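Now for the letters of each chain:
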Amino acid sequence: EHDQHIAKQIRLELDKLLKRWKKGGVANYALSDAGHTFLNDPNLPVQEAALQLLAHLPPGQDHFHALAIAIRETAHPLVRKLIIFEMKRYQLPEFGDQVDELFEQLLTTDSDTAETVAEHILPYLNRRNIDRFRRLHSSMASNGHVAQRLLIAINEYQRRVKNR
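Residues numbered from 1 in each chain as written. Predicted model: local features only at pLDDT ≥ 70, side-chain atom pairs only at ≥ 80, totals over all residues. Heavy atoms only, no water.

### Side note on the overall build of the chain
Inference 1: Looking only at helices and strands, the chain has 9 helices and 0 strands in total.
Inference 2: Taken over the C-alpha atoms alone, the chain extends approximately 50 × 35 × 25 Å along its principal axes.
Inference 3: Scored against the burial criterion, the 164 residues of the chain give a buried share of 41%.
Inference 4: Expressed as a percentage of contacts within the chain between residues at least 6 apart in sequence, the contacts between residues at least 24 apart total 65%.
Inference 5: Surface summary for the chain: the accessible area is close to 9300 Å², and the carbon and sulfur share equals 52%.
Inference 6: In the chain, 22 side chains carry a positive charge and 21 a negative one; their mean positions are 9 Å apart. (Helix = DSSP H or I, 4+ residues; strand = E, 2+ residues; numbered from the N terminus. Buried < 20%, exposed > 50% of the residue type's maximum accessible area, 1.4 Å probe, protein only. Contact = heavy atoms within 4.5 Å. Areas by Shrake-Rupley, 256 points an atom, 1.4 Å probe, with all protein chains shown as cover. Lys, Arg positive; Asp, Glu negative; His and termini not counted. Charge placed at Lys NZ, Arg CZ, Asp CG, Glu CD.)

### Regarding the side chain of Arg80
Inference 1: Considering the arrangement of structural elements, one finds Arg80 in helix H5 (residues 77-86).
Inference 2: The buried charged residue Arg80 lacks any salt bridge partner; its closest oppositely charged side chain belongs to Asp112, at an N-O distance of 4.2 Å.
Inference 3: If we ignore the near neighbours within four places in the chain, the residues touching Arg80 are Ile71, Thr74, Ala75, Asp112, Thr113 and Thr116. (Salt bridge = Lys/Arg side-chain N within 4 Å of Asp/Glu carboxyl O.)

### With respect to the packing of aromatic side chains
Inference 1: Taken as a whole and assessed by the stated rule, the structure comprises 4 aromatic pairs.
Inference 2: When the centroid spacing of 6.1 Å and the interplanar angle of 35° are considered together, the rings of Phe64 and Phe95 count as tilted. Here the residue Phe64 occupies a position in helix H4 (residues 61-73), and Phe95 occupies one in the loop between H5 and helix H6 (98-107), the gap between them amounting to 31 residues.
Inference 3: With a relative accessible area of 4%, Phe95 lands in the buried category.
Inference 4: Ring geometry for Phe103 versus Tyr124: centroids 4.9 Å apart, planes at 85°, classification edge-to-face. (Phe/Tyr/Trp six-rings, centres within 6.5 Å; stacked < 30°, edge-to-face > 60°.)

### Points about helix H1 (residues 2-22)
Inference 1: Look at H1: 31 Å from first C-alpha to last across 21 residues, which is about the 30 Å you get at 1.5 Å a residue.
Inference 2: All of the buried residues along H1 are Ala7, Leu14, Leu17, Leu18 and Trp21. Looking straight down H1, one finds that the buried residues subtend no more than 100° of arc, so they occupy a single side. Those residues of H1 that are exposed and angled more than 90 degrees off the buried face are His2, Lys8 and Lys19.
Inference 3: If you follow the buried residues of H1, they end up packed against helix H2 (28-38) and helix H3 (44-55).
Inference 4: Positive backbone phi, at 85°, marks Gly24, one or two positions downstream of H1. (Expected span 1.5 Å × (residues − 1). Arc of directions from axis to C-beta.)

### Quick notes on the packing of H1 against H3
Inference 1: With their axes 8 Å apart at the nearest point, H1 and H3 run at an angle of 15° to one another. As judged from the angle between their axes, H1 and H3 are roughly parallel. Between H1 and H3 lies a crossing of left-handed hand. Taking contact as the criterion, the partners of Ala7, Ile10, Arg11, Leu14, Asp15, Leu17 and Leu18 in H1 are, on H3, Pro45, Val46, Glu48, Ala49, Ala50 and Leu53.
Inference 2: Each residue belonging to the contact of H1 with H3 can be placed in one class, and the counts come to 10 nonpolar, no polar and 3 charged. (Axes fitted to C-alpha atoms, helices over the stretch in contact; angles between N-to-C directions. Parallel < 35°, antiparallel > 145°, perpendicular 65-115°, else oblique. Left-handed = near helix turned anticlockwise from the far one by under 90°. Nonpolar A, V, L, I, M, F, W, Y, C, P; charged D, E, K, R; others polar.)

### Quick word on H3
Inference 1: Helix length check: H3, at 12 residues, gives a terminal C-alpha distance of 16 Å against a target of 16 Å (1.5 Å per residue), a fit within 8%.
Inference 2: Where H3 is concerned, the buried positions are Val46, Gln47, Ala49, Ala50, Leu51, Leu53 and Leu54.
Inference 3: In the core, the buried residues of H3 are packed alongside H1, H2, H4 and H5.

### Points about the environment of Ala49
Inference 1: When you line up the elements, Ala49 lands in helix H3.
Inference 2: Overall, Ala49 belongs to the buried group, its relative accessible area being 1%.
Inference 3: It is 19 Å that separates the C-alpha atoms of Ala49 and Tyr90, two residues lying 41 residues apart in sequence.
Inference 4: Among residues more than four places away in sequence, those in contact with Ala49 are Arg11, Leu14 and Asp15.

Here it is as structure tokens:
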């Protein structure tokens, strides 16, 4: 109960920080520092608030690195899903293949994170990376849950491309 009270207080402070930033009263680096500091907090509300801070800032290498660490370390499925959705902003030329590489690494782990990535990868599939994920799928045990989810996403991507 004590931890929950502290988490609630931290969440409130992060929310206040974001409001002050929106009014121009806080510099980007302060928002970034707070987001990075609390992204790996064990409490779900604190992690959600930290993600909110980072979501308001332009994509950056330091943010990407913090998100990549957090998605591997968080125990919360919701946070993993939110980080996957946040990664959409990082599919930019200046990030090259970093999102694809991260997802590929995560999909090859035997974890809940791999399942979450496989379940939500469809929006990231494109003509530039589809062969990469096809190869990855063909290297997986075909009866595995992650492989099945990845195949569903690949097939759905192909269906959508065909129907354009």
